[in-house]
Amino acid sequence: MSEYRAPLEEITFALETAGGMADWTSLPGCEEAGPELASAVLEEAGKLASEVISPTNKVGDLEGAVLQDDGTVKTPDVFKPMQQSFVEGGWPTLAANPAFGGQGLPNALAIAVTEMMTSANMAYSLQQMLTSGAIEAIEAHATAEQCEKYLPKMVSGEWTGAMNLTEPSAGSDVGALRSKAERLPDGSYKVKGQKIFITWGDHDLAENVIHLVLARLPDSPAGTKGISMFLVPKFHVNDDGSLGERNDVKVASLEHKLGIHASPTCVMAFGEEDNCIGYLVGEENQGMRNMFTMMNHARIQVGLEGVAISERAYQQAVWYANDRVQSAAIGSPSREPVTIIHHPDVRRMLMTMRAQTEACRAIVYRNVWALDRAHKAESEEERRRGAAEADLLTPISKSYSTDIGVEMSSLGVQVHGGMGFVEETGAAQHYRDSRIAPIYEGTNGIQALDLVGRKLRADGGVHWQGLIAEMEAFISALGGKMAGSKAGLAAGVAALKAAADVLVANGNEGMVETAAAATPYLRLFGTVLGGYMLTKQAVEAERRLDAGEGNPQFLNAKMTTATFFVEQLVPQAVALLENVKAGSASMMAMDNEAFVRN
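Because the structure is predicted, anything quoted here is derived from the model rather than measured.

A.B. asks: Pulling in residues and values, what's your account of the packing of aromatic side chains?
C.D. replies: Across all of its chains, the model carries eight aromatic pairs by this definition. Taken together, a centroid distance of 5.8 Å and an interplanar angle of 75 degrees make the contact between Phe79 and Tyr124 edge-to-face. With a gap of 45 residues between them, Phe79 in helix α4 (residues 79-88) and Tyr124 in helix α6 (residues 122-141) connect regions that are remote in the sequence. What makes Phe79 buried here is its relative accessible area of 0%. On the basis of relative accessible area, Tyr124 is assigned to the buried category, the value being 4%.

A.B. asks: Pulling in residues and values, what's your account of the pairing of strand β7 (residues 227-233)?
C.D. replies: The element β7 is extensively covered by neighbouring structure, given that seven of its seven residues are classed as buried. Neither face of β7 is open: one carries Ile227, Met229, Leu231 and Pro233, the other Ser228, Phe230 and Val232, and all of them are buried. The pairing of strand β6 (residues 208-216) with β7 spans seven bridges and is antiparallel. Each bridged residue has a counterpart across the sheet, and for Val213 the counterpart in β7 is Phe230. For β7 and strand β12 (residues 277-281), the ladder comprises three bridges, and the chain directions are antiparallel. Paired with Met229 across the two strands is Val281, which belongs to β12.

A.B. asks: Describe helix α1 (residues 8-17), listing the residues and the values that go with them.
C.D. replies: Restricting attention to buried positions, one finds in α1 the residues Glu10, Ile11, Phe13, Ala14 and Leu15. The elements touched by buried residues of α1 are α2 (35-53), α5 (107-120), α10 (344-376), α16 (511-547) and α17 (552-574).

A.B. asks: Give me the environment of Gly306: which residues, what numbers.
C.D. replies: Inspection of the secondary structure puts Gly306 in helix α9 (residues 295-323). In sequence terms Gly306 and Met122 are 184 residues apart; their C-alpha atoms lie 10.0 Å from each other.

A.B. asks: Residue-level account of the nonpolar core, with values.
C.D. replies: Grouped together as the largest cluster of nonpolar side chains are 158 residues, with contacts concentrated most on Tyr365 and Tyr521. Those residues in contact with Tyr365, other than ones at most four positions away along the chain, are Ile11, Ala14, Leu15, Ala18, Gly19, Ile111, Ala112, Glu115 and Leu304. Val191, Val213, Leu254 and Phe270 belong to the second largest nonpolar core, which has 21 residues in total.

A.B. asks: Can you tell me about the environment of Ala176, naming the residues and giving the values?
C.D. replies: Note on placement: Ala176 falls in the loop between β3 (159-164) and β4 (180-183). Given the relative accessible area of 29%, Ala176 is considered partly exposed. C-alpha of Ala176 to C-alpha of Gly104: the two residues are 72 residues apart in sequence and 37 Å apart in space. Excluding residues within four positions of it along the chain, Ala176 makes contact with Ser169 and Ala170.

A.B. asks: Break down the side chain of Ser401 for me, citing the residues and quoting the values.
C.D. replies: Counting through the fold element by element, Ser401 comes out in helix α11 (residues 380-416). Of the residues examined, Ser401 reaches a relative accessible area of 1% and is grouped as buried. In this structure the side chain of Ser401 is engaged in a polar contact, spanning 3.0 Å, whose partner is the backbone oxygen of Ser397. Apart from residues lying up to four places away in sequence, Ser401 is in contact with Gly303, Gly306, Val307, Cys360, Val364 and Ile396.

Here is what the cut-offs are and how they apply
Residue indices begin from 1 for each chain and proceed along its sequence in written order. A pLDDT threshold of at least 70 governs which residues receive local features in this predicted model, and a stricter bar of 80 or more applies before side-chain atom pairs are shown or counted, although totals over entire chains, interfaces and linings include all residues. Note: side-chain values were computed over all heavy atoms of the structure, leaving out hydrogens and water. For this analysis, a ring pair means two rings from Phe, Tyr or Trp (six-membered ring only for Trp) whose centres lie within 6.5 Å, classed as stacked if their planes differ by under 30 degrees, edge-to-face if by over 60, and tilted for the remaining angles. A run of DSSP states H or I qualifies as a helix once it reaches four residues; a run of E qualifies as a strand once it reaches two. Both are numbered from the N-terminal end. Only protein chains enter the calculation, and the probe is 1.4 Å; a residue is then buried if its accessible area is under 20% of its type maximum, exposed if over 50%, and partly exposed in between. Only when DSSP finds a minimum of two bridges between them are two strands counted as paired. By the convention used here, residues are in contact when the closest approach between their heavy atoms is within 4.5 Å. Buried Ala, Val, Leu, Ile, Met, Phe, Trp, Tyr and Cys residues form a nonpolar core when they are joined through side-chain atoms within 4.5 Å. What qualifies as a polar contact is a pair of N or O atoms within 3.5 Å, subject to a donor-acceptor requirement within protein and to the restriction that residues adjacent in sequence count only when both atoms come from side chains.

This is the structure we're talking about:
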């Protein structure tokens, strides 16, 4: 089994070509975020991920998180020194607000660091992902007093956060939740209810867990319009910042899962003793709006999990393919067996893993850079453009990248052959861990519906039309060694444009047809966008080669990978245009009863 090695050259190149690195210093508050600082941060993060965090991945999978008899959750012993290194190194503070102890660096840099931590140990990385989401929601909607009371220790990593949305009867339909809140005379609220699938809802790595809980007041409207958000600490916090008594917040059970075993997925019980005290965040009945504040960032981070697990699976598959000797090379006069990386079909799998991982990384980094501009750009117009681009790209980053994470980790198992199916090599863990990402933070089917139902219609379609125009202009000017990709990439963009036109033409009356085509359309969009982003990288790689800059082996590999993507993967996406055109007729024709086998 190979250990993870942070791909610093690839990550840096992706930040330079897709993540806006050259423009970071133009953002207010990010004037120091130049190439030297970025390089130092990435290098140190790579060491932490490769040397400290990665070795805990298999241990965490084997030992898992355990609910003890006293109701506390125990994580593997190796996690405590890892957490200490993470917190003491200041890693949770990278992109956080300096007003609460953060460094205020671009999220694009922080997301690259997060990728390395996630590749190293996905289960562990979820703790910080949920904490950063909670920080974002609190900072945006809580009172100044609440921010001062809770955010400094959450930003530092001393305390962690958890998001409590899902209930047994309210999964994707959050408006069906039953948790209740009751106003108390002192301005606090009594919270009562049960939440399920709460990632890192309790653990032994931090002094306190700050829960954000969605609940309904007695006189609130039905559905999502009647949901409020409450801050519910595991331990009450005194006015001087010290911890007080334990709140009436308990772990009812831990889920036994397919993967991410070291991430405690909790069933949380609030108010079993009728004494759970919470504090309103924002206004009453505005909980869903508050929660959506952090949805873009959270969904992009889940998309990043797909990139991260693909990278880890790819590295292990390459290691195995270079080590495993099996059969003679096809076409060779010698009958001497060779390592399997010599065999065309194994190379097909490895090239697919490499190309898809790099494409998804470029998409996610571009998405985060758009979000950085939306939050920090100096001009209102630039913030508006950044927000519009982030809104369009987010469902693609989340769904396309997490689907790819599952598929590429599955290919990683296949490269290992029978050894991939046994736990000894570790390839199976990557596959198991990857499978949750298309499900949580909004299932990929819902993301596809968001893309076709909201994002295509936003502002009359100007945003997706602008992206297609950008791609068409790039293709028109494409020359040099990448000119051979021109026709294939143009066919992909043409198919994407035609598919969008079909969906827009469906209108309100054809929403069933549009919904039926949503998933293939998102896959088409992601693949074409990925081909475009990789070809842009290849053009830059060619420029650097011609100028005598950089590592020739790496730059030539970028060009080869982009060519492979356009030749081998984009045509598969072009075929999805027929799925979009087909609509819903065949999938909706069968009676419900006919699905049941007699």
